[in-house]
Every structure is written in structure tokens, then in C-alpha cells.
Amino acid sequence: MPASREHVPDLPLAGPPLPESVTYDDRSRLDCPSCGSSHVAQMLGDNGGVSYVCTACGHSWS
């Protein structure tokens, strides 16, 4: 593997561009149903399902 960027062929330094705009529907899908916060983490449930937890108020749901 080359020691510096100068020895590497022209490779993109970033991934594809992000969409031009994010709609309200995109942002609201994982809002906390308890407090409305968008600070939501996805977790793996006990039986392999998907659960969510709000990092603002601690409410969890699946």
C-alpha cells in the first residue's frame, strides 16, 4: 500500500452527494412518540426485532 496520497490513483475522497433536500416526512419518521424529539437511537430487540429509544427522554418503543 502506498505511503502517501500522491502515490494513489485518482480516487474519490467522499461518497456520493447527499440528496438536495430532506423533506419533513424524512425527518419525522423517527420522532419520539412521547416527547417529539428527533434524538432517537435504533436498537436490536431481545428477539431479534428492532426497537427504538429516545435519547432525550428515555422512552422506548418498537
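All values derive from a computational prediction rather than experimental measurement.

Asker: Mind showing me how you'd approach the overall build of the protein chain here?
Answerer: Secondary structure assignment for the protein chain yields one helix and three strands. Going residue by residue from the N terminus, the α and β elements of the protein chain occur as α-β-β-β. Here the protein chain holds 62 residues, and the buried ones make up 13% of them. By sequence separation, contacts in the protein chain at least 24 residues apart represent 13% of the contacts at least 6 residues apart. Approximately 5400 Å² of the protein chain is accessible, and the part contributed by carbon and sulfur atoms is 54%.

Asker: Just checking my understanding: could you explain the nonpolar core for this structure?
Answerer: If you look at soluble globular proteins, the nonpolar side chains tend to sit buried side by side. Core analysis: the largest hydrophobic core is formed by five residues, namely Cys32, Val40, Tyr52, Cys54 and Trp61. When residues no more than four places from it in sequence are discounted, the contact partners of Tyr52 are Leu30, Val40, Ala41, Gln42, His59, Ser60 and Trp61.

Asker: I tried to follow the side chain of Ser51 on my own but got confused; where do I start?
Answerer: As for its placement among the helices and strands, Ser51 is situated in strand E2 (residues 50-54). Judged by its relative accessible area of 18%, Ser51 falls in the buried class.

Asker: Quick question: what am I supposed to make of the sheet that holds strand E1 (residues 40-44) here?
Answerer: In space, the three strands of this open sheet follow the order E1-E2-E3, with antiparallel pairing throughout. This sheet does not close on itself; its edge strands, each paired only once, are E1 and strand E3 (60-61). Sheet topology places E1 next to E2; five bridges connect them, and they run antiparallel. Within the sheet, the bridge partner assigned to Leu44 lies in E2 and is Val50.

Quick notes on the rules
- Residues numbered from 1 in each chain as written.
- Predicted model: local features only at pLDDT ≥ 70, side-chain atom pairs only at ≥ 80, totals over all residues.
- Heavy atoms only, no water.
- Helix = DSSP H or I, 4+ residues; strand = E, 2+ residues; numbered from the N terminus.
- Buried < 20%, exposed > 50% of the residue type's maximum accessible area, 1.4 Å probe, protein only.
- Contact = heavy atoms within 4.5 Å.
- Areas by Shrake-Rupley, 256 points an atom, 1.4 Å probe, with all protein chains shown as cover.
- Core = buried A, V, L, I, M, F, W, Y, C linked by side-chain atoms within 4.5 Å.
- Pairing = 2+ DSSP bridges.

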